[in-house]
Every structure is written in structure tokens, then in C-alpha cells.
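So you can see what is in the structure, the chains are spelled out below.
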Amino acid sequence: MSSIGLRNVGIFRTSLHHPTTYGEWLLAPNAPTALIYGHYDVQPVDPLDLWDSDPFKCERRDGVYTGRGVADDKAVLSATGTLPINVKVLIEGAEEIGSPGMKGWIEAHKEMLKCDFVISADGSQVAVDQPGLVLGLRGMASMGFTLTTASTDLHSGLFGGAVQNPLRAMAQLISSLHSPQGKIQIVWDGGLEVAQVDGFLDDVKDLSASELVDYKRFEELVDVKGELAKVGVDEPFGEEGHSILEQRWSRPTIEVVGMWGGFMGDGIKTVLPREAHAKLAMRLVPYQKVELVTDAVKQHLMSFLPPSCNLTFDFVSKGSEAYLANKDGYWMAAASATLKHVMGAEPVYYRMGGSIPAVAHFKEILDVDTIFMAFDVPDQNIHAPNEFMREGLYEMAHEAFAHLLFEVKAAYAETVPTTERAEL
């Protein structure tokens, strides 16, 4: 960072000792300040045998760059002389595991990080020739738990039929979180609605008229069902009364991401296991509180625990709340103008179903929105074998990030009165 002209450069560590780097350039008078956020960590490369090249060696061939991390959260900005606006740069190394410890670090350094908006290269464009601006992300929480029915594994002939089976009990408990149609909150018993996961959906709000217009425009540009077909899904399945995009972007989920127990080797072992295990991943939407959501799910699981069972929680991760941006800020107008300039089309506004914890923390602690200026597109295998970045999009990113700073400067000058401009 120092070599490219940033000042006050330092390496910090979160409470969990993850290195976080920071630098700043604050020499633009009467100009806004952008916090440029990114992460240098990547997902594991497994399975290695599915790669066509060394995942940790960037290669350029046939118009693309290949390698782990070449497309994920990649920004390009080089400059000489001065910048049109002030910039602060924050790069962390634990985003791929949920940025643990980052919220507390941001809180402790909020004066240092004070800014007018954030720029991130995470997210994606809608297509190679169709720009998009992300306005919202879902939050995330997770938990793992163990259901126990005996102190030891048991002979299925000697004890079967007289003791609770933990695998069957776990399946029953997990199924109580959804109706057969996939709706969270309804617990079914013989086809009758008998209870609710209190509090889980209490703070979920319907989309506004403006948001519905944005969703409709996205559906006109993208074959949403076709996206599912590309990953082998014959028919969509989800909460009734909501479109596929709503289900993916703006409705909460409780997903079973792991469930196991008993003998799982080849052949058969006629033994009743003493315990079963499960893991849940929950995606949250705006206005839901992660503390309330995780407590509601824990209370539900304890309330609907089948008889002759004990439940212990192995972990509860309260990752981050959802994020929703203000569409009308001057920084968004600048981002829209930039994408139209470099891609030749009006961007569509949309949400993404994934989570970027730091972005939610910036919103909560610093009260700032994030511009997602990413030049990944959905087919570039992010997090998967043979990740790649199109050379043309990489070059476009060069132009876009430089252009964005000038667009921000112009939009700021047009919309923010001189008397309200930040002083350095």
C-alpha cells in the first residue's frame, strides 16, 4: 500500500488475530471519502483433480485468466499524481469464513474508517453485456447440534423397538421447521398446523412497489428458470406465493446443510446409534435481527424435541444481519453512470441471496452504503474448480474503477451543498 502512495498504512488484527490491512489517501479538499473494501482470502481448491491447471498459478490463455481467486472480489485501480476524491483502503483475510471478529474491529476503529460510502469489487454483473447494481444482501447465521438417546450404541435386535432411534428423531425434528410446501414457521402433525417458530418471520417486510419494478425488469433480462435448469434443477421448489427471485433474494431460509449419524460405511451394521447430528444455515433478510432469529430457532428445536431425546448445541454462529442500500444516493448515481459508460447499457438494480458480513457491519456501525462494482459474471466458476476471469472484463475493470472516482466527484458537486461538504 505504501508503494502506491497510501499513507498511515498499517496491519491490524481482529480479536481472532486475523490480519487486516489499512491505508488512506486524504488529500482531496471539498470531496467525499470512499472506503475501498476487499478481501485477500479465497475458498479452498478442493477437489484438486477437477482443475485443468494449477489453481494457485494464474495463467492467461484463450482470452481468460485462470486460478483460484482470479474473479472473486477483484478490483483494479492504479493512479499517478492525485485522486479526485479521498480514499481509505481496507483489506481483510477472513471474509470467506464469515469475517469473525470483524464487527468488533470496525466498531473499535470507526473513527479511522469514517467515510461517505464504501466501494467493493464483490458481487457480479448480470451478464457480459448487462450491468447491474446490487442493492441488498441476505444476512447469515448457522448452528450445529447433537441429538442423543442413549449412552452407547445398541444392538438393533436386542433393543430395537424399545428405545428411541436418534436418526428418526432427528429427521422428525428437522422436518418440523417447514411445511411440506417449504414455508418456514408452520409445524405439521398429521397434516394439521399446530405451532409456529415464534419470531422468525415477525420482522420480514413485503417488497416495495419500486423493488417489485426492479425485480420485474431483472426477470425480463434473465431466464430465471433457465438458471436453475443449468444446475440440474427440473422444477423450482420454495415458499408459495413468492417468485423465484423473491425466494432467492428477499425471503429468509432455514437450510439443512448437514445431517448424519450411525454407520455410513459400505454394507450394513445392525446397530442403533446413540446420537445423530445436524447443521443448519439460515439466510436473513432486511429488518430481521440475527439474535432473535437464532434464539427463535433454538427455542423451536427444544420445544419440538421428540420424547426420550436430549439436544445439545455444538455451535451457534451469529454471523451478520442483512444489508439493504439506499438507491437514491449520489454514489449510486455515479456507479450507474460508470457502468453505462463502460458496458453500454443501463444497469438493473437487484439483490443477491448471499452474504458479505463486513458490508452489513459498515451499514450498521458507520451508517454507509456500499457500491458493488464487480466484473465477475455468474459463469466464471467462483468458489469452484477452474475459476476464470475474462480478459475483456478485467480490462473493463481498469477503466471502470478510475472512471467511478471522477463520476463520484461530479455527482457530489452537483448534489451536496458546499456548506454540507465534509472537512478533512
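**Student:** Can you break down unusual backbone geometry residue by residue, with the values?
**Tutor:** Look at the link from D46 to P47: it is a cis peptide, with omega at -5 degrees. Topologically, P47 is positioned in the loop between β3 (33-39) and β4 (59-61).

**Student:** Could you give an account of the sheet that holds strand β16 (residues 310-320), with specific residues and numbers?
**Tutor:** The four strands are arranged β13-β15-β9-β16 in an open sheet whose pairing can be described as antiparallel. Lying at the two open borders of the sheet, with one neighbouring strand each, are β13 (253-260) and β16. For this sheet the average axis-to-axis angle between neighbouring strands, irrespective of direction, equals 15 degrees. Here strand β9 (residues 139-148) pairs with strand β15 (residues 275-284) via ten bridges, running antiparallel. Residue M143 lies in a different strand from β15, and its bridge partner there is L280. The strands touched by helix α8 (residues 290-303) within the sheet are β9, β13, β15 and β16, with β16 carrying the most contacts at an inclination of about 165 degrees.

**Student:** Please provide a residue-by-residue account of a nonpolar patch on the surface, values included.
**Tutor:** Together, L158, F159 and V163 make up a nonpolar patch on the protein surface, roughly 280 Å² of accessible area in all. Here V163 is to be found in the loop between α3 (156-159) and α4 (166-175). Since its relative accessible area comes to 31%, V163 is described here as partly exposed.

**Student:** Outline the packing of aromatic side chains, supporting the account with residue identities and numerical values.
**Tutor:** For the coordinates displayed, the defined rule picks out 13 aromatic pairs. A ring pair is formed by F117 and W331, whose centres lie 6.3 Å apart and whose planes are at 15 degrees; its orientation type is stacked. Within this pair, whereas F117 is found in strand β7 (residues 117-120), its partner W331 is found in helix α9 (residues 330-343), the two being separated by 214 residues in sequence. W331 carries the same exposure label as F117, and that label is buried. Linked through ring pairs, F117, Y330, W331 and Y412 together constitute an aromatic cluster. Of note, K205 hangs over the ring of Y287, and the distance from its end group to the ring centre comes to 5.2 Å.

**Student:** Can you explain the side chain of D369? Please cite residues and give values.
**Tutor:** Following the sequence through the fold, D369 ends up in the loop between α10 (357-366) and β19 (370-372). Its relative accessible area of 4% is what places D369 among the buried residues. A polar contact is formed between the side chain of D369 and the backbone nitrogen of N326, at a distance of 2.9 Å. With near-sequence residues (within four places) excluded, D369 lies in contact with F117, V118, Y323, L324, A325, N326, W331 and K363.

**Student:** Quick one: what's the story with the pattern of salt bridges, residue by residue and with numbers?
**Tutor:** Scanning all chains against the criterion turns up 16 salt bridges. Its salt-bridge partner being R61, residue E59 comes within 3.0 Å of it at the nearest N-O pair. Given a relative accessible area of 26%, E59 falls into the partly exposed group. Put simply, D379 and R390 hold a salt bridge, and the shortest N to O gap is 2.8 Å. Within this pair, whereas D379 is found in the loop between β19 and β20 (388-390), its partner R390 is found in strand β20, the two being separated by eleven residues in sequence. Accessibility expressed as a relative area gives 42% for D379, which makes it partly exposed.

**Student:** Requested: an account of α10, with residues and values cited.
**Tutor:** With eight of ten residues buried, α10 is to be regarded as a mostly interior element. Looking at α10, one finds that the buried residues are P357, A358, V359, A360, H361, F362, I365 and L366. Once α10 ends, the next one or two residues include D367, with phi positive near 60 degrees.

**Student:** I'd like a description of the nonpolar core, backed by residues and values.
**Tutor:** Residues F117, F362, L366 and F375 are the most contacted members of the largest nonpolar core, which totals 78 residues. Residues in contact with F117, not counting those within four places in the same chain, are P32, T33, A34, L35, I85, Y330, W331, V368, D369, I371 and V408. Counting 27 residues, the second largest nonpolar core, distinct from the first, contains A141, L173, L301 and L311.

**Student:** Tell me about the confidence of the model for the chain, residues and numbers included.
**Tutor:** Scored by pLDDT, the chain has a mean of 91; 93% of the residues are at 70 or more. The spread of mean pLDDT over the elements of the chain runs between strand β11 (residues 187-189), the lowest at 43, and helix α2 (residues 110-113), the highest at 98. Within the model, the stretch residues 186-195 combines pLDDT values under 50 with 21 contacts to residues more than four positions away or in other chains.

**Student:** Could you give an account of α8, with specific residues and numbers?
**Tutor:** For α8, spanning 14 residues, the distance from its first C-alpha to its last is 20 Å, which sits close to the expected 20 Å at 1.5 Å a residue. Of the positions making up α8, those classed as buried are V290, V293, T294, A296, V297, H300 and L301. End-on, the buried residues of α8 take up no more than an arc of 155 degrees, which puts them together on one face. Relative to its buried face, α8 has exposed residues pointing more than 90 degrees away, namely Q299 and S303.

Analysis parameters
Residues numbered from 1 in each chain as written. Predicted model: local features only at pLDDT ≥ 70, side-chain atom pairs only at ≥ 80, totals over all residues. Heavy atoms only, no water. Helix = DSSP H or I, 4+ residues; strand = E, 2+ residues; numbered from the N terminus. Pairing = 2+ DSSP bridges. Axes fitted to C-alpha atoms, helices over the stretch in contact; angles between N-to-C directions. Contact = heavy atoms within 4.5 Å. Patch = residues over 30% accessible without salt bridge, like charges linked within 9 Å, V, L, I, M, F, W, Y side chains within 5 Å. Areas by Shrake-Rupley, 256 points an atom, 1.4 Å probe, with all protein chains shown as cover. Salt bridge = Lys/Arg side-chain N within 4 Å of Asp/Glu carboxyl O. Buried < 20%, exposed > 50% of the residue type's maximum accessible area, 1.4 Å probe, protein only. Phe/Tyr/Trp six-rings, centres within 6.5 Å; stacked < 30°, edge-to-face > 60°. Lys NZ or Arg CZ within 6 Å of the ring centre and 35° of its normal. Polar contact = N/O pair within 3.5 Å; in protein donor to acceptor, adjacent residues only side chain to side chain. Core = buried A, V, L, I, M, F, W, Y, C linked by side-chain atoms within 4.5 Å. pLDDT = per-residue confidence, 0-100. Expected span 1.5 Å × (residues − 1). Arc of directions from axis to C-beta.

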